[in-house]
Amino acid sequence: MKKFTIILLVLSITISSCSDFFDIDQPDIVEAEDNYQNSYDALVSIIGIYESLQKTVETQFLMGEVRSDLVIDNSNAPVELQEISRSVLKNSNEYLDATQFYKVINQVNDVFTHLDKVQENDPSVDETQRAKYEAELTYLRATTYLIMLRMYDEVVYFEEPIVNLDQTVEFTKMDKNAVLDTLITQVNKHKFTRDIVANSDAIWYRTRFTNYPPYQLAGELYLEKGDWVNAFANFMVVISDKAEEYVPGSVSADWAWSLDNTQFNDHKWSDMFGEALYGDGFTDEALVIYPFNKKYDQVHKLTYWTSTDDGAYYLKPTVKGISYWLSEDDHFRGEDNSYVETPQGPMINKYRINNTAYQYDNVYYMWRAGDSWLDAAEALNRSGDPKNALGMVNNGMFDDQVMVSSQGVRGRVDLLPYELDLPEDATKQDSIMAVDEFILQERARETAFEGNRFHDVARAAKWRNDPEFLAKIIASKFMIGSSDYNTLYNKLQDQNNWYVDFNTEDIDFVEVVNTSATFVDN
């Protein structure tokens, strides 16, 4: 247990909100006691938390993709990006600073503590509405901690907001499983809450936690913990009309993220990355996204870092990464979709599809249908059912029946079903291991450059209890036998080098407190 005394007077920030999500004007300063007067104040405060979480996207991309086997730095890249690409994770690297994540946590805690005031001041906030606020805040806090747990070797867990002068706050460093257990309990308590978002607009249903994303979150938490049975049960709520068979009392997916290709123009898989936020290819794929709009100064650097034309081209796909698509002749997801070939070399394309003028920064997915199906297949396989796990990925088959008219991860991009090639005396465990490796490769083809790859490989290596499994895969971003390969391979056999060495002293608590803001509308 470590105590920190915060010596800063905090004033709340008011942020004007328009119809566009995260449309933010210049802030005014008001006294804290003037905030949280009604339900609208609470709503806009919660939207402000999403805006703060949006600012972590670059760190998520760097830690999930740039240090994976799919991305490599060019020689012109800043040293901070080169180091991350080589898993040199220094606390001094500005992109690895945990402060922004703790800003989000502190904002969540601040809104939580003011719900009594909102309910007291606004008679329209009954217990049902309060439960919706509490559920959404719980999901935001759990999501933020889950992201951190995948990147930092330790986190500090706290529920009391840091808000005023000379406040003494006790922070407890907790191991990963203890934090996961806490988050799972909290999310499970609230995930049956319905209709958090009243606005039926597609953008609201994809930028906030609605009925199905809480089950995806619960599944992700169980997946990280290695509880495959409960992970699969929660993912099934998202993807299948069989949901009631797996989670009694859950919402049944009367329409689900079913992985067909009819929503895409000319069956083009890449529509989901460059289509307008209201297009069918987007709305039928997205669970939760981080939206960006340059008009409102909501930008990320992913296009700039990776583009050869109006960007710096600091980062590019690896030869190994491209081979995942070429080995399967995967035209829908490979060249001219996830990446393109240019005179300067291969270029990551997901953040510039239909966006050559850079009038906006493409959305960044928190979760989408492809994630849900691959997550479910991973959990089902590790639970001991490789046959159905393989069927789900190949063509949406489960118990020899098609699930909710799904074509499966591979089927919707016109790839033939993958078949195991094992000797006659292969055991069931051999099948499980082979299917797991196949799913990991399919993840590379489906979700490359979306912030997941290193974490997916790390989870597989931990399940195998084999750090060398990760070391071989990640080091293969370099030519096997090269000095860079050998250095990275040796480094990553030590699991301590998979995470940023977290020090509480590195958190800028002045910044954390400054953004424990109350967001209200002018």
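This is a predicted model, so every value here is computed, not measured.

Rules and cut-offs
Residues numbered from 1 in each chain as written. Predicted model: local features only at pLDDT ≥ 70, side-chain atom pairs only at ≥ 80, totals over all residues. Heavy atoms only, no water. Helix = DSSP H or I, 4+ residues; strand = E, 2+ residues; numbered from the N terminus. Buried < 20%, exposed > 50% of the residue type's maximum accessible area, 1.4 Å probe, protein only. Contact = heavy atoms within 4.5 Å. Areas by Shrake-Rupley, 256 points an atom, 1.4 Å probe, with all protein chains shown as cover. Polar contact = N/O pair within 3.5 Å; in protein donor to acceptor, adjacent residues only side chain to side chain. Axes fitted to C-alpha atoms, helices over the stretch in contact; angles between N-to-C directions. Left-handed = near helix turned anticlockwise from the far one by under 90°. pLDDT = per-residue confidence, 0-100. Expected span 1.5 Å × (residues − 1).

K.L.:
In this structure, what is going on with the overall build of the chain? I would like to understand it.
P.N.:
Helix and strand content of the chain: 22 helices and 13 strands. Counting every position in the chain, which comprises 522 residues, the buried fraction comes to 61%. Of the contacts made within the chain by residues no fewer than 6 positions apart, 71% connect residues no fewer than 24 positions apart. Accessible surface, the chain as shown: approximately 20100 Å² in total, 47% of it carbon and sulfur.

K.L.:
Any chance you could explain the environment of Thr59 here in plain terms?
P.N.:
In this structure, Thr59 sits in helix α2 (residues 57–66). Judged by relative accessible area, which is 11%, Thr59 ranks as buried. Setting aside its immediate chain neighbours within four residues, Thr59 contacts Tyr95, Phe101 and Met151. At a separation of 2.8 Å, a polar atom in the side chain of Thr59 contacts the main-chain carbonyl oxygen of Tyr95.

K.L.:
Hey, could you run me through the packing of helix α6 (residues 127–149) against helix α9 (residues 213–225) in this one?
P.N.:
Packed helix pairs are characterised by how far apart their axes lie and by the angle those axes make with each other. Packing of α6 against α9 leaves a shortest axis separation of 11 Å and a crossing angle of 35°. The two elements α6 and α9 meet at a crossing, and its hand is left-handed. Within the contact between the two elements, α6 uses Tyr139, Ala142, Thr143 and Leu146 and α9 uses Pro214, Leu217, Glu220, Leu221 and Glu224.

K.L.:
I'm lost on the confidence of the model for the chain in this one. Help?
P.N.:
Parts of the prediction with low pLDDT should not have their coordinates interpreted in detail. Averaged over every residue, the pLDDT of the chain is 84; residues scoring 70 or more account for 80%. Of the regions scoring below 50 in pLDDT, residues 1–30 engages in 101 contacts with residues more than four places distant in sequence or in other chains. Predicted confidence is poor over residues 516–522, with pLDDT under 50, and the contacts of this stretch with residues over four places away or in other chains come to 37 contacts.

K.L.:
Got a minute to help me understand α6 in this structure?
P.N.:
Because an α-helix completes one turn every 3.6 residues, residues spaced three or four positions apart along the sequence face the same direction. A rise of 1.5 Å per residue sets the reference length of α6, with its 23 residues, at 33 Å; its end C-alpha atoms lie 32 Å apart and thus fit the reference within 8%. Buried residues dominate α6, accounting for 18 of its 23 residues. For α6, the capping residue at the N-terminal end is Asp126, with a side-chain oxygen 3.2 Å from the backbone nitrogen of Thr128.

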